[in-house]
Amino acid sequence: MKTTVTNRKSLWLLLLILAFLITFTVLQKSTKVWTALKLPISLHHWNMITESSSPGAPLNPAASPTETELRISKLREKLDQLIPPRPFTHVNSTTSAKHSTVTILNPRDTYCRGDQLDILLEARDHLGRRKEYGGDFLRARMSSPALKAGASGKVTDFHNGTYLVSFTLFWEGQVSLSLLLIHPSEGVSALWRARNQGYDRVIFTGQFINGSTRVNTDCALILNSSTELCQYLDAQDQEAFYCMRPQHVPCAALTHMHSKNKEVSYLTKQERTIFVRSNVGVEIMENFNVISVSKCNKDPVPVKEKCKPRMTSTIPSGHVWKEIWNPVSCDLAPIKMNECLRGKFIHLLGDSTIRQWIEFFKASSKTLKSVDLHEYGKLQHQLAVDLDRNINIQWQKHAYPLIGSSIYSVKEIEYIARVIDRTGGEKNTVVVISLGQHFRPFPIDVFIRRALNVHKAVQRLLLRSPDTIVIIKTENIREMHNDAERLSDFHGYIQNLVIMDIFQDLNVSIIDAWDITIAYGTNDVHPPQYVVGNQINMFLNYIC
């Protein structure tokens, strides 16, 4: 009997030792893995979500910085090829709107609704000489002000000084055509070089509060300083923001931020002459005849399918008629906003152009009530709810760089990727993302990195919750004569190309605010309410 008990004790002891050895080995290997990734072992749950870089590929922990750097480098290379350096000796050698010529291809006496009107542009410089290369930043638009109608035109660059400008004649009546030379190719080249040279066009001022002490210091994406710095790091995605550390105040005491433009330029004195007001957005077709469009005896317009998520966008993507946006590829159905939003949880993430959406929702619905989150200023987190219909809409600003002359709180500031990572997601959850305007004054690498990190977070969201609707709202066009080096629409155009390239592999929808705002001809970073309302009508058709 004693022998049996002794044997059982020995067996249990042997099993305990074996379990300890297995546990120790697993922990040792796990620690090595996390150490190799240079990540803390103690992580929030979203840091440990794995992702797939391509269908069927093995799932790995969060992509290493090296992979991100390689992707950034490849995208920069593509953009550098798209925007090659152009020689610039004098403004006379740049493209001139006045001297460039336009010719209608295959002109007709009568144009029918639905026809395509093609125009050949031959770019010439201020001395009348034919340009031998392309790259001019042009904007084509057709409009009928009396009909409150408008649409963008499509510009094809042949890279030899000639361009094809195509207009789809969407409506009947008198149509005016416009082709603006926003920047000549030499100006585009100068903007691209200057943009990628410096991070200091905007000065950020951080406010630290330590008891009764308030201290302001300089902050930036990159700080060249020998003094001790506070680093505010997103460890998962390796995005950082820095402030000069105040004496005797901890870094965690940073509470508020504001910014102002710095008197710095990376353009030469000669290059700056390209961007004086009279040289920006000059009409090329100033004396062009008005085009008359008739219904003709064409076949009836085929019925289009209803607009739904993830439809392919075209150029142009639609037209405005009687101030209403009409997409090319689908029909917008009339939708009752409150019923469409019933049971929905909507995250609006990004800049003030998407903040306009929550303001529109609140102004358009008597039942949506704002919740006071005890913050202040235009950049405060906003929440609106309708308890009876179970509607929850919130707007949250993106993290640094966030430009604003008014002081805003950074206590609750959060990178969009982290917000997405803590979103459960399901068929009634909608995430809308709008990035761009605050990134224009900084090197393109900053924007590419942010877009890649948001892409990875969306990829993780759709892996765990494929029913979640994710929508990307592209940038609005903005004021044309306002500090081209920092804010030119050329920067926004390039960022839209980056967004389209990065998100093309994901099951997301696009609201082409760029094309919509060109069609309306607003030239305002915060377009009027009726324009915002038409963007939101697209959104409602996508989610209902």
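Residues numbered from 1 in each chain as written. Predicted model: local features only at pLDDT ≥ 70, side-chain atom pairs only at ≥ 80, totals over all residues. Heavy atoms only, no water.

Looking up the chain in an unreviewed UniProt entry gives the name Neurexophilin and PC-esterase domain family member 4, with the organism given as Spermophilus dauricus. Its UniProt record, at the heading Sequence similarities (unreviewed entry), says of the chain: "Belongs to the NXPE family." (UniProt positions renumbered as here; feature names shortened; annotations may be inferred.)

**Q** Can you help me understand empty space enclosed by the protein in this one?
**A** A probe matching the size of a water molecule, rolled over the atoms, marks out where space remains unfilled. All chains considered together, the criterion is met by six cavities of 30 Å³ or more. What lines the largest cavity is a set of 16 residues, and nearest its centre among them are Ser-313, Ser-317, Ile-510, Met-538 and Tyr-542. Contributing elements (two or more residues each) for the lining of the largest cavity: β17 (324–327), β25 (509–511) and α12 (529–543). A class-by-class count of the residues in the lining of the largest cavity yields 10 nonpolar, five polar and one charged. (1 Å grid on protein atoms, 1.4 Å probe; cavity = no way out; pocket = protein on both sides within 12 Å on 5 of 7 lines; lining within 4 Å. Points joined across faces, edges and corners; volume = space filled by probe spheres on them. Helix = DSSP H or I, 4+ residues; strand = E, 2+ residues; numbered from the N terminus. Nonpolar A, V, L, I, M, F, W, Y, C, P; charged D, E, K, R; others polar.)

**Q** How do you make sense of the pairing of strand β16 (residues 318–321) when you look at a structure like this?
**A** Regular strands place their side chains on alternate faces of the sheet. Where β16 meets β17, four bridges bridge the pair, whose relative direction is antiparallel. Bridge pairing in β17 places Gly-318 opposite Pro-327. In this structure, the hairpin formed by β16 and β17 is closed by a connection of two residues, where Lys-322 is found at a positive phi of approximately 50°. (Pairing = 2+ DSSP bridges.)

**Q** Before we go on, may I ask you to explain unusual backbone geometry in this structure?
**A** Most of the time, phi is negative for any residue but glycine, and the peptide bond is trans. Of the consecutive residues Ile-315 and Pro-316, the connecting peptide bond is found in the cis state with omega at -5°. Examined against the element boundaries, Pro-316 turns out to sit in the loop between β15 (291–294) and β16. With omega at 0°, the peptide bond leading from Tyr-400 into Pro-401 counts as cis. Tracing the backbone shows Pro-401 in the loop between β21 (391–397) and β22 (408–409). Backbone geometry at Asn-390 places phi at a positive 55°, although glycine is not the residue there. For Asn-390, a relative accessible area of 54% puts it in the exposed group. Phi angles above zero are rare outside glycine, and Asn-523 is one such case at about 50°. Of note, Asn-523 is situated in the loop between α11 (513–520) and α12. (Buried < 20%, exposed > 50% of the residue type's maximum accessible area, 1.4 Å probe, protein only.)

**Q** Looking at this model, I keep getting lost on the state of the cysteines. Mind explaining?
**A** The bond known as a disulfide is covalent and runs between the sulfur atoms of two cysteines. Enumeration according to the criterion identifies five disulfides in this entry. Disulfide partner of Cys-112: Cys-296, at an S-S distance of 2.0 Å. Handedness of the Cys-112-Cys-296 disulfide follows from its S-S torsion of about -85°: it is left-handed. Of this pair, Cys-112 sits in strand β2 (residues 111–112) while Cys-296 sits in the loop between β15 and β16, placing them 184 residues apart in sequence. The partly exposed category is assigned to Cys-296, whose relative accessible area is 26%. Across the disulfide from Cys-307 sits Cys-330; the S-S distance is 2.0 Å. Judged by the sign of its S-S torsion, about 85°, the bond between Cys-307 and Cys-330 is right-handed. You can see Cys-307 sitting in the loop between β15 and β16 and its partner Cys-330 sitting in the loop between β17 and α5 (337–341), a full 23 residues away along the chain. (Disulfide = S-S within 2.5 Å.)

**Q** Sorry, what's going on with helix α3 (residues 185–195) here?
**A** For an α-helix, the turn length of 3.6 residues means that residues three or four places apart are oriented alike. The buried count for α3 comes to 10 of 11 residues, which makes it a mostly enclosed element. Taken as a whole, α3 has its buried residues at Ser-185, Glu-186, Gly-187, Val-188, Ser-189, Ala-190, Leu-191, Trp-192, Ala-194 and Arg-195.

**Q** Please explain the confidence of the model for the chain as it appears in this structure.
**A** For the chain, per-residue confidence averages 88 on the pLDDT scale, and residues scoring 70 or more make up 88% of the total. Considering only residues more than four positions removed or in separate chains, one finds that residues 11–61, a stretch of pLDDT under 50, has 34 contacts. (pLDDT = per-residue confidence, 0-100. Contact = heavy atoms within 4.5 Å.)

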